[in-house]
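# Fold and geometry: a report
Here are the chains, one letter per residue:
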Amino acid sequence: MAELASWVEGLTKSAIVDFVGRVTSADGPDHVAPEERVAVFDNDGTLWCEKPMYIQLDFIVRRLSEKAAADPSLAAQQPYRSAATGDLAWFGGAITKHYQGDDSDLKVLAGAVMSLHESMSVEDHAALVSKFYSEAKHPTLGRPYQDCTYTPMVELLRYLEANDFTCYIVSGGGRDFMRPITSTIYGIPPERVVGSSQGLKFDGADGHGDLLIQPALDVFDDGPEKPVRVWNRIGRRPILSAGNSNGDDEMLMYSGRPGAASLRLLVLHDDAEREFDYTAGAERALDHAKQFGWTVVSMKSDWATIFSD
(Lines give C-alpha, C1' and ligand atoms only; values in the text may rest on other atoms or scores of the structure.)
Protein backbone atom coordinates (compact mmCIF):
# COMPACT_ATOMS: atom_id res chain seq x y z
CA MET A 1 0.00 0.00 0.00
CA ALA A 2 1.34 3.43 -0.94
CA GLU A 3 2.37 5.74 1.88
CA LEU A 4 -0.30 8.33 2.76
CA ALA A 5 -2.54 6.75 0.12
CA SER A 6 -5.67 8.58 1.31
CA TRP A 7 -4.03 12.01 1.07
CA VAL A 8 -4.64 13.97 -2.12
CA GLU A 9 -1.51 15.10 -3.94
CA GLY A 10 -1.09 18.79 -3.20
CA LEU A 11 0.43 21.37 -0.89
CA THR A 12 -0.66 19.74 2.37
CA LYS A 13 0.66 16.27 1.58
CA SER A 14 3.84 17.82 0.20
CA ALA A 15 4.30 19.81 3.43
CA ILE A 16 4.17 16.58 5.43
CA VAL A 17 6.48 14.60 3.14
CA ASP A 18 8.96 17.48 2.80
CA PHE A 19 9.08 18.00 6.57
CA VAL A 20 9.68 14.32 7.29
CA GLY A 21 12.33 14.23 4.58
CA ARG A 22 14.15 17.20 6.06
CA VAL A 23 14.25 15.97 9.65
CA THR A 24 15.28 12.42 8.68
CA SER A 25 18.02 13.40 6.21
CA ALA A 26 21.20 12.55 8.08
CA ASP A 27 23.31 15.07 6.17
CA GLY A 28 20.74 17.86 6.04
CA PRO A 29 20.69 21.05 8.12
CA ASP A 30 17.29 20.16 9.67
CA HIS A 31 18.21 16.64 10.78
CA VAL A 32 16.60 15.57 14.06
CA ALA A 33 17.85 12.55 15.98
CA PRO A 34 15.28 9.71 16.13
CA GLU A 35 14.85 9.99 19.90
CA GLU A 36 13.82 13.63 19.45
CA ARG A 37 11.26 12.95 16.73
CA VAL A 38 8.21 13.37 18.93
CA ALA A 39 4.75 13.89 17.42
CA VAL A 40 1.62 14.70 19.42
CA PHE A 41 -1.97 14.35 18.26
CA ASP A 42 -5.22 15.56 19.70
CA ASN A 43 -7.90 12.88 19.54
CA ASP A 44 -11.46 14.25 19.27
CA GLY A 45 -11.95 15.85 15.87
CA THR A 46 -8.33 15.12 14.91
CA LEU A 47 -8.08 11.33 14.90
CA TRP A 48 -11.77 10.43 15.12
CA CYS A 49 -15.17 12.04 14.69
CA GLU A 50 -16.37 14.49 17.37
CA LYS A 51 -19.81 15.57 16.09
CA PRO A 52 -22.67 15.76 16.94
CA MET A 53 -20.86 15.03 20.21
CA TYR A 54 -17.65 13.38 21.33
CA ILE A 55 -17.64 9.58 21.40
CA GLN A 56 -16.74 9.69 25.08
CA LEU A 57 -19.65 12.06 25.62
CA ASP A 58 -22.01 9.50 24.08
CA PHE A 59 -20.68 6.95 26.57
CA ILE A 60 -21.23 9.43 29.38
CA VAL A 61 -24.73 10.40 28.19
CA ARG A 62 -25.79 6.75 28.21
CA ARG A 63 -24.42 6.32 31.72
CA LEU A 64 -26.20 9.51 32.88
CA SER A 65 -29.45 8.28 31.36
CA GLU A 66 -29.11 4.99 33.22
CA LYS A 67 -28.55 6.89 36.47
CA ALA A 68 -31.59 9.12 35.85
CA ALA A 69 -33.74 6.05 35.19
CA ALA A 70 -32.61 4.54 38.47
CA ASP A 71 -33.25 7.81 40.37
CA PRO A 72 -36.19 9.79 38.86
CA SER A 73 -35.45 12.76 41.13
CA LEU A 74 -32.44 13.51 38.92
CA ALA A 75 -34.49 13.73 35.73
CA ALA A 76 -35.30 17.44 36.19
CA GLN A 77 -31.64 18.44 36.62
CA GLN A 78 -29.01 19.03 33.99
CA PRO A 79 -27.24 17.12 32.58
CA TYR A 80 -29.53 14.21 33.52
CA ARG A 81 -32.53 15.90 31.89
CA SER A 82 -30.81 16.20 28.52
CA ALA A 83 -29.43 12.67 28.80
CA ALA A 84 -32.85 11.21 29.57
CA THR A 85 -34.59 13.14 26.78
CA GLY A 86 -31.86 12.65 24.20
CA ASP A 87 -31.11 16.37 23.93
CA LEU A 88 -27.66 15.95 22.40
CA ALA A 89 -27.50 19.63 21.44
CA TRP A 90 -27.10 20.66 25.07
CA PHE A 91 -24.01 18.48 25.47
CA GLY A 92 -22.45 19.57 22.20
CA GLY A 93 -23.22 23.17 23.07
CA ALA A 94 -21.48 22.85 26.44
CA ILE A 95 -18.25 21.83 24.72
CA THR A 96 -18.49 24.52 22.03
CA LYS A 97 -19.16 27.16 24.70
CA HIS A 98 -16.06 25.96 26.57
CA TYR A 99 -13.87 26.52 23.51
CA GLN A 100 -15.40 29.99 23.20
CA GLY A 101 -14.52 30.82 26.82
CA ASP A 102 -17.81 30.01 28.62
CA ASP A 103 -17.53 27.07 31.07
CA SER A 104 -20.92 27.47 32.77
CA ASP A 105 -22.53 24.35 31.26
CA LEU A 106 -19.27 22.40 31.27
CA LYS A 107 -19.01 22.80 35.05
CA VAL A 108 -22.52 21.39 35.46
CA LEU A 109 -21.64 18.45 33.22
CA ALA A 110 -18.30 17.85 34.93
CA GLY A 111 -19.91 17.73 38.37
CA ALA A 112 -22.21 14.89 37.31
CA VAL A 113 -19.51 13.06 35.39
CA MET A 114 -17.15 13.01 38.36
CA SER A 115 -19.61 10.90 40.36
CA LEU A 116 -20.59 8.47 37.59
CA HIS A 117 -17.93 5.82 38.27
CA GLU A 118 -17.03 6.59 41.86
CA SER A 119 -15.15 3.71 43.58
CA MET A 120 -15.08 1.62 40.39
CA SER A 121 -11.75 -0.06 39.67
CA VAL A 122 -9.83 1.15 36.64
CA GLU A 123 -10.03 -2.35 35.12
CA ASP A 124 -13.80 -2.53 35.49
CA HIS A 125 -14.09 0.91 33.93
CA ALA A 126 -11.89 -0.19 31.01
CA ALA A 127 -14.18 -3.19 30.47
CA LEU A 128 -17.22 -0.89 30.30
CA VAL A 129 -15.48 1.33 27.75
CA SER A 130 -14.39 -1.62 25.60
CA LYS A 131 -17.92 -3.07 25.58
CA PHE A 132 -19.45 0.29 24.64
CA TYR A 133 -16.94 0.88 21.86
CA SER A 134 -17.41 -2.58 20.35
CA GLU A 135 -21.21 -2.25 20.22
CA ALA A 136 -22.23 1.40 19.82
CA LYS A 137 -22.85 3.24 16.57
CA HIS A 138 -22.47 6.88 15.62
CA PRO A 139 -25.92 8.53 16.05
CA THR A 140 -26.03 10.27 12.65
CA LEU A 141 -23.44 8.61 10.42
CA GLY A 142 -24.79 5.15 11.24
CA ARG A 143 -21.27 3.71 11.38
CA PRO A 144 -19.90 1.64 14.27
CA TYR A 145 -17.73 3.90 16.40
CA GLN A 146 -14.75 1.67 15.69
CA ASP A 147 -15.12 2.77 12.03
CA CYS A 148 -15.23 6.49 12.83
CA THR A 149 -11.47 7.00 12.90
CA TYR A 150 -9.98 9.14 10.14
CA THR A 151 -8.12 6.87 7.72
CA PRO A 152 -5.69 9.60 6.53
CA MET A 153 -4.63 10.35 10.10
CA VAL A 154 -4.05 6.70 10.92
CA GLU A 155 -1.93 6.52 7.76
CA LEU A 156 0.00 9.54 9.01
CA LEU A 157 0.72 7.79 12.31
CA ARG A 158 2.11 4.78 10.43
CA TYR A 159 4.13 7.01 8.09
CA LEU A 160 5.72 8.85 10.98
CA GLU A 161 6.51 5.66 12.86
CA ALA A 162 8.15 4.24 9.73
CA ASN A 163 10.43 7.30 9.88
CA ASP A 164 11.37 6.76 13.54
CA PHE A 165 8.89 9.19 15.10
CA THR A 166 7.30 8.37 18.44
CA CYS A 167 3.63 9.36 18.37
CA TYR A 168 1.53 10.31 21.38
CA ILE A 169 -2.13 11.14 21.86
CA VAL A 170 -2.60 14.32 23.92
CA SER A 171 -6.31 14.94 24.37
CA GLY A 172 -8.81 16.82 26.48
CA GLY A 173 -10.73 13.53 26.48
CA GLY A 174 -10.47 11.09 29.35
CA ARG A 175 -7.20 9.21 29.56
CA ASP A 176 -8.91 6.13 30.97
CA PHE A 177 -11.60 6.24 28.28
CA MET A 178 -9.02 6.26 25.48
CA ARG A 179 -6.47 3.80 26.83
CA PRO A 180 -8.54 0.59 26.43
CA ILE A 181 -9.03 1.21 22.69
CA THR A 182 -6.13 3.23 21.25
CA SER A 183 -3.90 0.20 20.62
CA THR A 184 -6.59 -1.42 18.47
CA ILE A 185 -7.70 1.60 16.44
CA TYR A 186 -4.51 3.67 16.20
CA GLY A 187 -1.66 1.35 17.15
CA ILE A 188 -0.87 3.73 20.04
CA PRO A 189 -0.22 1.85 23.33
CA PRO A 190 -1.81 3.10 26.58
CA GLU A 191 1.47 4.43 27.96
CA ARG A 192 1.52 6.96 25.11
CA VAL A 193 -1.94 8.35 25.88
CA VAL A 194 -2.08 11.67 27.74
CA GLY A 195 -5.49 13.00 28.69
CA SER A 196 -7.81 14.37 31.34
CA SER A 197 -8.18 12.20 34.42
CA GLN A 198 -10.06 11.75 37.64
CA GLY A 199 -8.36 11.14 40.95
CA LEU A 200 -7.51 7.58 41.93
CA LYS A 201 -7.15 5.86 45.30
CA PHE A 202 -5.31 2.65 46.09
CA ASP A 203 -7.31 0.09 48.04
CA GLY A 204 -5.39 -2.96 49.25
CA ALA A 205 -6.57 -6.13 50.94
CA ASP A 206 -4.99 -9.56 51.52
CA GLY A 207 -1.91 -8.64 49.56
CA HIS A 208 -3.90 -7.55 46.51
CA GLY A 209 -4.98 -4.07 45.53
CA ASP A 210 -7.06 -1.96 43.17
CA LEU A 211 -7.01 1.60 41.93
CA LEU A 212 -10.47 3.07 42.50
CA ILE A 213 -11.89 6.09 40.68
CA GLN A 214 -12.54 9.10 42.89
CA PRO A 215 -15.22 11.82 42.36
CA ALA A 216 -12.72 14.61 41.78
CA LEU A 217 -10.87 15.94 38.77
CA ASP A 218 -7.14 15.31 38.74
CA VAL A 219 -6.19 17.00 35.44
CA PHE A 220 -8.19 18.70 32.69
CA ASP A 221 -5.82 18.29 29.77
CA ASP A 222 -6.94 21.12 27.54
CA GLY A 223 -5.70 24.48 26.27
CA PRO A 224 -2.57 25.71 28.10
CA GLU A 225 -2.54 22.54 30.20
CA LYS A 226 -1.68 20.45 27.13
CA PRO A 227 1.93 21.62 26.71
CA VAL A 228 2.42 21.30 30.48
CA ARG A 229 1.26 17.69 30.33
CA VAL A 230 3.39 17.04 27.26
CA TRP A 231 6.48 18.07 29.18
CA ASN A 232 5.44 16.29 32.38
CA ARG A 233 4.72 13.01 30.61
CA ILE A 234 7.13 13.02 27.66
CA GLY A 235 9.97 15.30 28.73
CA ARG A 236 10.58 16.49 25.17
CA ARG A 237 9.24 19.31 23.04
CA PRO A 238 7.34 17.87 20.04
CA ILE A 239 8.46 18.73 16.52
CA LEU A 240 5.09 17.80 14.99
CA SER A 241 1.64 18.42 16.41
CA ALA A 242 -1.88 18.00 15.08
CA GLY A 243 -5.14 19.37 16.41
CA ASN A 244 -8.45 20.85 15.28
CA SER A 245 -9.72 23.30 17.89
CA ASN A 246 -8.93 26.19 20.20
CA GLY A 247 -8.15 23.61 22.86
CA ASP A 248 -5.15 22.51 20.80
CA ASP A 249 -3.85 26.02 20.16
CA GLU A 250 -1.21 26.08 22.88
CA MET A 251 0.02 22.58 22.05
CA LEU A 252 0.60 23.64 18.46
CA MET A 253 2.41 26.78 19.63
CA TYR A 254 4.68 24.66 21.83
CA SER A 255 5.78 22.39 18.98
CA GLY A 256 9.27 23.12 17.72
CA ARG A 257 11.59 26.04 18.43
CA PRO A 258 12.10 29.25 16.44
CA GLY A 259 14.48 28.54 13.57
CA ALA A 260 14.19 24.76 13.94
CA ALA A 261 12.17 22.39 11.77
CA SER A 262 8.61 21.83 12.96
CA LEU A 263 5.19 21.08 11.51
CA ARG A 264 1.83 22.14 12.94
CA LEU A 265 -1.28 20.58 11.41
CA LEU A 266 -4.77 21.97 12.00
CA VAL A 267 -7.59 19.74 10.74
CA LEU A 268 -10.42 21.78 9.20
CA HIS A 269 -13.89 20.20 9.20
CA ASP A 270 -15.23 21.51 5.89
CA ASP A 271 -16.86 18.44 4.33
CA ALA A 272 -20.59 18.34 5.09
CA GLU A 273 -21.14 15.57 2.56
CA ARG A 274 -18.72 13.02 3.99
CA GLU A 275 -18.49 14.22 7.62
CA PHE A 276 -19.39 17.66 9.02
CA ASP A 277 -18.77 21.32 8.21
CA TYR A 278 -18.04 23.60 11.18
CA THR A 279 -15.50 26.01 12.62
CA ALA A 280 -17.21 26.76 15.96
CA GLY A 281 -14.69 26.27 18.72
CA ALA A 282 -11.74 26.57 16.33
CA GLU A 283 -11.81 30.28 15.55
CA ARG A 284 -8.70 31.28 17.49
CA ALA A 285 -6.68 28.30 16.23
CA LEU A 286 -7.61 29.12 12.63
CA ASP A 287 -6.54 32.73 13.13
CA HIS A 288 -3.20 31.54 14.51
CA ALA A 289 -2.78 29.10 11.63
CA LYS A 290 -3.04 32.04 9.24
CA GLN A 291 -0.87 34.29 11.39
CA PHE A 292 1.91 31.78 12.07
CA GLY A 293 1.86 29.77 8.85
CA TRP A 294 0.56 26.49 10.23
CA THR A 295 -0.63 23.85 7.77
CA VAL A 296 -4.42 23.65 7.56
CA VAL A 297 -5.66 20.20 6.55
CA SER A 298 -8.90 20.46 4.58
CA MET A 299 -10.99 17.32 4.91
CA LYS A 300 -12.74 18.21 1.67
CA SER A 301 -9.67 18.96 -0.44
CA ASP A 302 -6.80 17.03 1.17
CA TRP A 303 -8.40 13.66 1.96
CA ALA A 304 -9.43 11.28 -0.82
CA THR A 305 -11.39 9.31 1.78
CA ILE A 306 -12.28 10.05 5.39
CA PHE A 307 -13.39 6.72 6.83
CA SER A 308 -12.24 3.24 5.94
CA ASP A 309 -14.83 0.91 4.44
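Here the structure is shown first, and the text comes after it.
Cut-offs used in this document
Residues numbered from 1 in each chain as written. Predicted model: local features only at pLDDT ≥ 70, side-chain atom pairs only at ≥ 80, totals over all residues. Heavy atoms only, no water. Axes fitted to C-alpha atoms, helices over the stretch in contact; angles between N-to-C directions. Helix = DSSP H or I, 4+ residues; strand = E, 2+ residues; numbered from the N terminus. Parallel < 35°, antiparallel > 145°, perpendicular 65-115°, else oblique. Left-handed = near helix turned anticlockwise from the far one by under 90°. Contact = heavy atoms within 4.5 Å. Nonpolar A, V, L, I, M, F, W, Y, C, P; charged D, E, K, R; others polar. Core = buried A, V, L, I, M, F, W, Y, C linked by side-chain atoms within 4.5 Å. Buried < 20%, exposed > 50% of the residue type's maximum accessible area, 1.4 Å probe, protein only. Phe/Tyr/Trp six-rings, centres within 6.5 Å; stacked < 30°, edge-to-face > 60°.

With that out of the way, let us pick up the packing of helix 1 (residues 11–24) against helix 7 (residues 151–162). Contact geometry for helix 1 and helix 7: axes closest at 11 Å, N-to-C directions at 15°. By the criterion of interaxial angle, the relationship of helix 1 to helix 7 is roughly parallel. When the axes of helix 1 and helix 7 are compared, the crossing they make is right-handed. Residues Ile16, Val17 and Val20 of helix 1 form the contact with helix 7, whose participating residues are Leu156, Tyr159 and Leu160. Taken together, the residues that form the contact of helix 1 with helix 7 break down as 6 nonpolar, no polar and no charged.

Before going further, it helps to examine the nonpolar core. Judged by nonpolar contacts, the single largest core of 71 residues is most densely connected at Phe41, Met153 and Leu156. Among the elements that line this core, the one with the most residues is helix 2 (residues 55–70), at 7 residues. Filtering out sequence-adjacent residues up to four positions away, Met153 remains in contact with Trp7, Phe41, Thr46, Leu47, Ala242, Val267 and Trp303. If you look at the next biggest cluster of nonpolar residues, it comprises 14 residues, including Val38, Met251, Leu252 and Trp294.

The topology assignment puts Phe276 in the loop between strand 6 (263–270) and strand 7 (277–278). Along the primary structure Phe276 and Phe177 are separated by 99 residues, whereas in three dimensions their C-alpha atoms are 24 Å apart.

On to the packing of aromatic side chains. All told, the structure shown has 13 aromatic pairs when counted by the stated rule. With centroids separated by 6.3 Å and ring planes inclined at 50°, the aromatic side chains of Trp48 and Tyr186 adopt a geometry described as tilted. In this pair, Trp48 is assigned in the loop between strand 1 (38–41) and helix 2 and Tyr186 in helix 8 (residues 175–186), connecting sequence segments 138 residues apart. In this structure, Trp48 and Tyr186 share a single accessibility class: buried. An aromatic cluster of at least three residues, connected via ring pairs, comprises Trp48, Phe59, Phe132, Tyr133, Tyr145, Phe177 and Tyr186.

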